Amino acid sequence: MSLLFCLGCMSCSGPSGPIVQRYAPLEQERLCKVALLPFVNNTRFNQGNTIVQRIFGSELARIAGVEVVREGDVRKVYPQLRIYPNQVPDVDQIRILGSRLGVDYLILGTVSAMEENFSEQHVNPLLALNLEVHEAQSGRVMWTTYHKKEGRDYRTIMHFGLVNTVTELCRVMSQEILDMWFSEGLKKCGE
Amino acid sequence: MLKKFFVISGLLLVLLIPMTAYGVTVAVFPVEDLSRGRNGYNAPLTEFLRQNLADRGLEVISSEDLMAFMVRRRIRWLGFLDSSNIYEAYEDLGVDVVMLGTVSQLQEKPIPSLGMILTAVEVKNATTLWSESGGMSCADICNLLGLSEPEKIDDLLPVLANELLNSLPLDRLASIDKGTPPVEVEYTSLFPKHARPGEEIRCSVRLRPAAGQRDETQVQLMVGDNDYVTMNENAPSLYEATWVAPNRNESIPVSLVLQSSAGEKQVYYVGHYQVDDSAPKLTIEARGKKVNDSVAFSQKIYVYPQWQTPEPVSRWSFSIKNADGEIIANLTEKNALPKHFVWKGQKADGKKVDEGVYEFILKVWDRAGNETQAATKINFYKNPPVPLLTADITEQELVVTLDRGEGVVPTAFWSAKILFSDGETLVDQQGSELPVEFHLPLPADDETRDLEGLIEIQDILGNKILRRFSSIMQLVTTVEEIEDDAEQDEWVIEF
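This is a predicted model, so every value here is computed, not measured.

K.L.:
What is the right way to look at helix H2 (residues 43-55) of chain B in this model?
P.N.:
Along an α-helix, residues three or four positions apart point the same way, because every turn accommodates 3.6 residues. All names here are of chain B. The end-to-end C-alpha distance of H2 is 18 Å, a good match for the 18 Å that 13 residues give at a rise of 1.5 Å each. Every buried residue of H2 is listed here: Leu45, Thr46, Leu49, Arg50, Asn52 and Leu53. The N-cap of H2, judged by a side-chain oxygen 2.9 Å from the amide nitrogen of Leu45 a few residues on, is Asn42. Among the residues trailing H2, Gly57 stands out with phi positive, at a value near 95 degrees.

The structure is reproduced here in structure tokens:
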């Protein structure tokens, strides 16, 4: 019983949440329409950037009701501005992208760690990502957010709570990041 | 017979009602499978989605129609679409909703696991209507006594897909506004980005649908803060405008302004162009030894561009001229200016040039096309100094004098070795100043060995010579010979 109590307490303390760095106050506090710029993959996980980008976009639309610009529209403007894949656009290019796509903010993500470590009965996924929120009008970085977690961080007791897939881990982490943003002052569209 | 007909018709009607209950038509695009790389396709999930949505009362267009549409629109990628293709799906296929799917992970071993992202897009305005993502592995499902637990991907797929699709807002789908898609900016181009005053600036814009076809949209450009330029429709949906850059150095923003007949105005930032009328300011410096107050070289010379105000260049040209003004080498590039140039005294064909004066000319164009030129002259010397060795016999000694022939390049170093032919060395000296005298004992009368000299001289540019004098005694000029030479003040026939 005491063992269970200890395990329970361990899960209560939990791992740290997303780290938000603010560089400037947001001009537009309501997050209504955003564009996700193609994420950068710094891992060996095949298509890791696309996976994280699509899941984060899905959670933005689902949780926050944010209108996420179609990935195809963003990709179409990139060659017009001569931005190569895996290249980070400059400030003026971000301004043009923001205006063309009609968004308030543009989000650029970098996946710095993504892996699945296998054991006999469970898989322990690991994910670390960094997000930059750019203001469309000026192209400046307003916020950055770093978040790193692994599946066993969510264990409550015994095997309960474990996150066994990197997809699910990404989904949960995306929720945590959005929750953090809204607790930091960002507002949902219409609020 | 009639009774049978009514029963069958009734059953068919009952079966058909749920299929079109919402009056919503869906196009289920092939699901992308990222676990198979960039071009992966997942047929089982695509088919499952088609079937599941049909079961939920939505009308799903046939795979054949969808495939034909994808071919027509040249859609090569799965998992996402751009707005123009979505609007086209509305017009071409008559669908209300587009369903896009991505398999984010799929693996059977060591533990079967599956992840997916599903998105329903409202085609009228190309916005996300619903989106869900999730991952599941067999380790996530623990039923009592292990009953009905999934053991492979085929078991996981319906469980996960159903779990996600359960939140699909069918009532929202039914209330979709089936209006007309808005005008969309498909393409913009602004050229050039850097211009000289008076240069023509051109902007092209492609819209979809064609402005004027459905809506009398006025298409204009806002250049700067309040200058408006009307765009002409030079081809269907393609608008172009040209104007002249002003006579002042500044960065000018350009925005596209679409104004509908109802007065609704949309502004899109297209970019900015920089007006620049000042030529780049730079000089070039050749770094090397100085001979007679001008830079000279013999092996290779480094030439360094030096900016007064650094700025990016669009192209540059580096050429070398000889004293006659003839260009003997030229290099033109569109890249950035290199930190330095190196010349090894060769022509374009690789052969060494003659000694003489050469001029380096660097031309640079900035991004607006403003040109500047910088030049410098250098001297090229490739011939080594000529050693002159003379010998005199006085009463008690032999005096050997080492000097160098004519030349403007100062001597850097000399080395002299005077020795008998069997190797006995009399002099082994080095120095930098010439001329120099060596005082040696007179060889004995019965001396049979030759007195030899090994002379090496190098100038400050690195030109070097090593010469062997096989018999120094033959160089000896006696007093009588000198006197004879002195008497010859006119040309004589020599026999």
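K.L.:
What am I meant to see in the packing of aromatic side chains here?
P.N.:
Here the distance between the centres and the angle between the planes together describe a pair of aromatic rings. Residues and elements named next belong to chain B. Following the criterion strictly, the structure yields 14 aromatic pairs over all chains and no others. Consider the rings of Trp343 and Phe360, whose centres lie 5.7 Å apart with planes at 90 degrees: the pair is edge-to-face. Of the two residues, Trp343 sits in strand S23 (residues 341-343) while Phe360 sits in strand S24 (residues 356-366), which places them 17 residues apart along the sequence. The class for Trp343 is buried, based on a relative accessible area of 7%. Exposure remark for Phe360: the relative accessible area of 0% places this residue in the buried category. An aromatic cluster of at least three residues, connected via ring pairs, comprises Phe297, Trp316, Phe318, Phe341, Trp343, Tyr358, Phe360 and Phe380.

K.L.:
Please clarify how the interface of chain A and chain B should be interpreted in this entry.
P.N.:
Many authors give the size of an interface as the accessible area that is lost as the parts come together. The interface is formed by 38 residues belonging to chain A together with 49 residues belonging to chain B. A buried area of about 3,400 Å², summed over both sides, lies between chain A and chain B, and 52% of it is on carbon and sulfur atoms. The three residues of chain A that bury the most area against chain B are Arg54, Arg70 and Arg100 of chain A, which together make up 21% of that side's buried surface. The salt bridge partner of Glu132 of chain B is Arg62 of chain A, with a shortest N-O separation of 4.0 Å. Here chain A and chain B share 22 residue pairs in polar contact (both at pLDDT 80 or more) between them.

K.L.:
Is there a simple way to think about the pattern of salt bridges in this case?
P.N.:
Evaluation of the coordinates by the stated rule reveals 23 salt bridges over all chains. Here Arg50 of chain B ties to Glu47 of chain B by a salt bridge, and the two come within 3.8 Å at their closest N and O atoms. Taken together, the residues Arg50 of chain B and Glu47 of chain B, both in helix H2 and three residues apart, mark about one turn of the helix. Accessibility expressed as a relative area gives 15% for Arg50 of chain B, which makes it buried. Through salt bridges that share partners, Arg54, Glu71 and Arg75 of chain A together with Glu32 of chain B make up one connected network.

The rules behind each value
Residues numbered from 1 in each chain as written. Chains lettered and ligands numbered in written order. Predicted model: local features only at pLDDT ≥ 70, side-chain atom pairs only at ≥ 80, totals over all residues. Heavy atoms only, no water. Helix = DSSP H or I, 4+ residues; strand = E, 2+ residues; numbered from the N terminus. Expected span 1.5 Å × (residues − 1). Buried < 20%, exposed > 50% of the residue type's maximum accessible area, 1.4 Å probe, protein only. Polar contact = N/O pair within 3.5 Å; in protein donor to acceptor, adjacent residues only side chain to side chain. Phe/Tyr/Trp six-rings, centres within 6.5 Å; stacked < 30°, edge-to-face > 60°. Contact = heavy atoms within 4.5 Å. Buried area = accessible area lost by both parts, 1.4 Å probe. Salt bridge = Lys/Arg side-chain N within 4 Å of Asp/Glu carboxyl O.

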